Amino acid sequence: MVAAGAVNGREGWSSKTAFVLAAIGSAVGLGNLWRFPTEAGENGGGAFVLVYIACVILICLPVLLAETLIGRYGQDSPTLSARKLAVDSGASPLWEGVAGVGILTATIVAGFYCVVGGWVLYYVGVFAVDSVSSGVTGGALQGMDVDAVSALFPSLLESPSLVVGLQLLFVVVTAFFTYRGVSKGIELMAVYLMPVFFFLLIAITVYGMFSGAFGDAVAYLFTFEPEKIDGTVVLAALGQAFFSLSLGMAGMMTYGSYVGRDVNLAGTSGVIAAADTGVALLAGLCIFPIVFAAGIAAGAGPGLMFQAIPVAFQSIPGGSLVGLLFFLMVTVAALTSSVALFEVPTAWAMEKFHVSRPKAALSMIALIGALGVFAGLSFNALAEFHPLDFIPIFTGMGMFDILDTLTTKLMIPIGAILVCVLVGWVASDRLVDAENGLSGWLHRFWRLLIRYLSPLALVLILIYGLFA
Ligand code: PFF
């Protein structure tokens, strides 16, 4: 029997709201909470934020719409949807490779994403124990000095069993929701957890307003200094925006394939992009007041969340409990995103090999889990293993960095360029009709962006990634 929200004989979202929440859940993740503040901190604060917003509106939003349109057009696995669109437009079925690149990218990203998910679980554990043992009203991690709190992170990374164990835990929890399916797993999770996420984010931001250096954070993120904008800032912002909106990874194609034909995808894409960008900005307003109040610099790098934040919670009132809530919030965001990443290869495997969802979900535990084990061990047991030293952009990198660089610098831009070419040139106007919310000037503007501006910008990211 086919479920109530069935789309093209497959399971689908039960409502438009469910789709929007699940897509926001996919977009809002470690990219917003971990990468955005780090990138903003390293690339000049306000200058980065302004360029980021421009990139989202002019370059990413057209691609987001294109991906969901491809998915909804075929209402099938990403490869079949892309193939149908190409064939119906009189082009080669090989265009399904557009989705193929995305599926491969999503699988690889899922591999290292779950490693970071494991780190988040570690800090949930640290703050949970701390809240119980030291009482929730004082600062966190009482009795430890600042260096000892900072050292928690490197000592976590040095432990193969902790890193791999927590990564596998994260993989299994994610796969559980994949196993439950679109409406009973992914949708249910998004509908219950996204409101919790928003509540926690707003509550912690308000807390930062009163007990952190909120004015400094606002000045830092929103003081626009045009002279700070250069090629590096623009390309960092663009790359971050693509990752944050889950683009170039067939993720939005997959989620779009579960949407009914009555939904206005231009409208929902706007809502998804606005929510994701809003969360990134709120994440900055949530994290920087706490970091600045502890006297830590904005450009603390990737350790911002895992070192600076725990140190900051140590010195502020209620730090134990707020620290616990903070890392629970990050867990929710990471989980709703990793479920989206898992769904991409799962939907593909179910269609390609005619396997049941439970079997596909179990295979993902093995495949993504194994990739993640390699990535996780690159911080400890395999620290000296640099298998691609002979390729300049991978020189000196372990598996985690290789997977990260390979996907964010090469595969995501390539996948997204292919989406632009398929939708903007090969299929041209086939995807456009009034039900998609694209008519008149909006359609003409979108076509201009998807044909010229978005692919051009993506080619620049690619060149920069390869040669800079
Ligand atoms: N957009 C997510 C983040 O910002 O963390 C990452 C992601 C999730 C990418 C799902 C791709 C995807 F399909």
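Scoring rules and cut-offs
Residues numbered from 1 in each chain as written. Predicted model: local features only at pLDDT ≥ 70, side-chain atom pairs only at ≥ 80, totals over all residues. Heavy atoms only, no water. 1 Å grid on protein atoms, 1.4 Å probe; cavity = no way out; pocket = protein on both sides within 12 Å on 5 of 7 lines; lining within 4 Å. Points joined across faces, edges and corners; volume = space filled by probe spheres on them. Helix = DSSP H or I, 4+ residues; strand = E, 2+ residues; numbered from the N terminus. Nonpolar A, V, L, I, M, F, W, Y, C, P; charged D, E, K, R; others polar. pLDDT = per-residue confidence, 0-100. Core = buried A, V, L, I, M, F, W, Y, C linked by side-chain atoms within 4.5 Å. Buried < 20%, exposed > 50% of the residue type's maximum accessible area, 1.4 Å probe, protein only. Contact = heavy atoms within 4.5 Å. Phe/Tyr/Trp six-rings, centres within 6.5 Å; stacked < 30°, edge-to-face > 60°. Lys NZ or Arg CZ within 6 Å of the ring centre and 35° of its normal. Near = heavy atom within 4 Å. Polar contact = N/O pair within 3.5 Å; in protein donor to acceptor, adjacent residues only side chain to side chain. Sits in = over half its atoms within 2 Å of the grid points.

Asker: Go over the layout of surface pockets, please, and point to the residues and values.
Answerer: One number sums up the size of the largest pocket: a volume of about 840 Å³. Along the walls of the largest pocket sit 32 residues, with Arg35, Glu39, Asp404, Thr408 and Lys409 positioned nearest its centre. Of all elements in the fold, only α2 (30–42), α6 (146–157), α10 (231–244), α16 (399–426) and α17 (440–467) reach the threshold of two or more residues within the lining of the largest pocket. Sort the elements by how many residues they give to the lining of the largest pocket and α16 lands first, with eight residues. Classifying every residue of the lining of the largest pocket gives 18 nonpolar, eight polar and six charged.

Asker: Before we move on, can you summarise empty space enclosed by the protein with the specific residues and values?
Answerer: Remark: the empty space left among the atoms is shown by a probe the size of a water molecule rolled over them. Under the counting rule described, the total for this entry stands at three cavities of 30 Å³ or more. In this model, the largest cavity occupies a volume close to 150 Å³. In terms of lining residues, the largest cavity is bounded by 18 residues, among which Ser26, Phe243, Ser246, Ser337 and Leu341 are the most central. Among the secondary structure elements, those contributing two or more residues to the lining of the largest cavity are α1 (16–27), α2, α5 (97–134), α10 and α14 (319–353).

Asker: Residue-level account of the confidence of the model for the chain, with values.
Answerer: In the predicted model, the chain carries a mean pLDDT of 91, and the fraction of residues at 70 or more is 97%. Here helix α13 (residues 303–314) stands out as the least confident element of the chain, with mean pLDDT 86; helix α7 (residues 160–180) is the most confident, with 98.

Asker: Mind laying out the nonpolar core, listing which residues take part and the relevant values?
Answerer: With 170 residues, the main nonpolar core has Trp13, Trp119, Phe197, Phe242, Phe306, Phe326 and Phe327 as its most contacted residues. The biggest single contributor to this core is α5, with 19 residues. Ignoring any residue separated from it by four or fewer positions in sequence, one finds Phe197 in contact with Val28, Leu33, Val279, Met329, Val332 and Ala333.

Asker: For the packing of aromatic side chains, give the residues involved together with the corresponding values.
Answerer: A complete count under the given rule lists 30 aromatic pairs for this structure. Judged by centre distance (6.3 Å) and plane angle (90 degrees), the rings of Trp34 and Trp119 are edge-to-face. Note that Trp34 is positioned in helix α2 and Trp119 in helix α5, a separation of 85 residues in sequence. Taken as a pair, Trp34 and Trp119 share a single burial class, namely buried. The residue whose ring lies beneath Arg35 is Phe243, and the NZ or CZ to ring-centre distance is 4.5 Å. Arg451 extends its terminal NZ or CZ atom over the ring of Trp425, reaching a point 4.3 Å from the ring centre.

Asker: Which residues make up the site of the ligand, and what are the values?
Answerer: As a matter of local geometry, the ligand sits amid 15 residues, with Ala27, Gly31, Tyr113, Phe243 and Ser244 nearest to it. In the environment of the ligand, an oxygen atom lies 2.5 Å from a nitrogen or oxygen atom belonging to the side chain of Tyr113. Cavity membership is defined here by more than half of the atoms lying within 2 Å of grid points; on that basis the ligand lies in the largest cavity. When residues of the shell around the ligand are traced back to their parent elements, those giving at least two are α1, α2, α10 and α14.

Asker: Kindly report on the environment of Glu343, identifying the contributing residues and their values.
Answerer: Of note, Glu343 is situated in helix α14. Given a relative accessible area of 0%, Glu343 falls into the buried group. Glu343 has contacts with Thr178, Val182, Ile186, Thr254, Tyr255, Tyr258 and Arg357, leaving out every residue within four places of it along the chain. Engagement of the side chain of Glu343 in a polar contact is seen with the side chain of Arg357, the distance being 2.9 Å.

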